[in-house]
Amino acid sequence: MIPTLTDYLSAVQAAVADALGIDEDEAVPEATLLGELGAESIDLLDILFRLERTTKVKITVADIADLLQGGIPDEEFGDENEVVNETGLAHLEKVLPQFDRNQLSEPLTAEGVLGLFTVQNLTDLLTERARAAEAA
């Protein structure tokens, strides 16, 4: 049986909950991993490891960074102060459905971009990778 988006969401929620020591019902799709759920970079690695173990789909932190930056060179994505510019903001609006630049209260920094990544974004990336692997 081919896993569904719901199956992948359940896998992501379980991996996030196990890695962070929280209840699965706290890992709601709209929760940001590094912000609201309090994950740190080591936790993100743990989450990705757990996902690979349960789904057999490998996702790396570099894959997440590639999605977020879309192959746009650093100097075109942000300015010399690492503030995301118009090009970067437009790309983020394309790849993160929940992102709305009008909601920003201060300039978005390169470091802050990963903080936008949600449980749903990880689920979507996992689903996309799994489908690509099945098609190969």
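To be clear, the structure that these remarks concern was listed above.
Parameters at a glance
- Residues numbered from 1 in each chain as written.
- Predicted model: local features only at pLDDT ≥ 70, side-chain atom pairs only at ≥ 80, totals over all residues.
- Heavy atoms only, no water.
- Patch = residues over 30% accessible without salt bridge, like charges linked within 9 Å, V, L, I, M, F, W, Y side chains within 5 Å.
- Areas by Shrake-Rupley, 256 points an atom, 1.4 Å probe, with all protein chains shown as cover.
- Salt bridge = Lys/Arg side-chain N within 4 Å of Asp/Glu carboxyl O.
- Helix = DSSP H or I, 4+ residues; strand = E, 2+ residues; numbered from the N terminus.
- Buried < 20%, exposed > 50% of the residue type's maximum accessible area, 1.4 Å probe, protein only.
- Contact = heavy atoms within 4.5 Å.
- Arc of directions from axis to C-beta.
- 1 Å grid on protein atoms, 1.4 Å probe; cavity = no way out; pocket = protein on both sides within 12 Å on 5 of 7 lines; lining within 4 Å.
- Points joined across faces, edges and corners; volume = space filled by probe spheres on them.
- Nonpolar A, V, L, I, M, F, W, Y, C, P; charged D, E, K, R; others polar.

A.B. asks: I'm lost on a nonpolar patch on the surface in this one. Help?
C.D. replies: Judged by side-chain polarity, I42, L45 and V61 come together as a nonpolar surface patch covering roughly 260 Å² of accessible area. Considering the arrangement of structural elements, one finds V61 in helix α3 (residues 61-69).

A.B. asks: Hey, could you run me through the environment of I72 in this one?
C.D. replies: Looking at the element boundaries, I72 is found in the loop between α3 and α4 (74-77). Take I72: its relative accessible area is 16%, and that puts it in the buried class. I72 sits 16 residues away from G88 along the chain, and the two C-alpha atoms are 7.8 Å apart. Discounting residues that sit within four places of it in the chain, I72 has contacts with F77, T87 and H91.

A.B. asks: Honestly, α3 in this entry has me stumped. Any pointers?
C.D. replies: Spacing of three or four residues puts side chains on the same side of an α-helix, whose turn is 3.6 residues. Listed as buried for α3 are D63, I64 and L68. Axial view of α3: buried residues confined to an arc of 135°, hence all on one face. Where α3 is buried, its residues touch α2 (41-55), α4, α5 (86-95), α6 (110-113) and α7 (119-135). Looking one or two places after α3, you find G70, whose phi comes out positive at around 60°.

A.B. asks: Mind showing me how you'd approach the layout of surface pockets here?
C.D. replies: It is a probe the size of a water molecule, rolled over the atoms, that shows where empty space is left. Counted as a void, the largest pocket has a volume near 300 Å³. Lining the largest pocket are 13 residues, with Q69, D74, F77, A110 and V113 sitting closest to its centre. For the lining of the largest pocket, the secondary structure elements donating two or more residues are α3, α4 and α6. For the lining of the largest pocket, the element with the highest residue contribution is α3, accounting for 4 residues. Partitioned by chemical class, the residues of the lining of the largest pocket number 8 nonpolar, 2 polar and 3 charged.

By themselves, these observations are geometric and do not establish any function.
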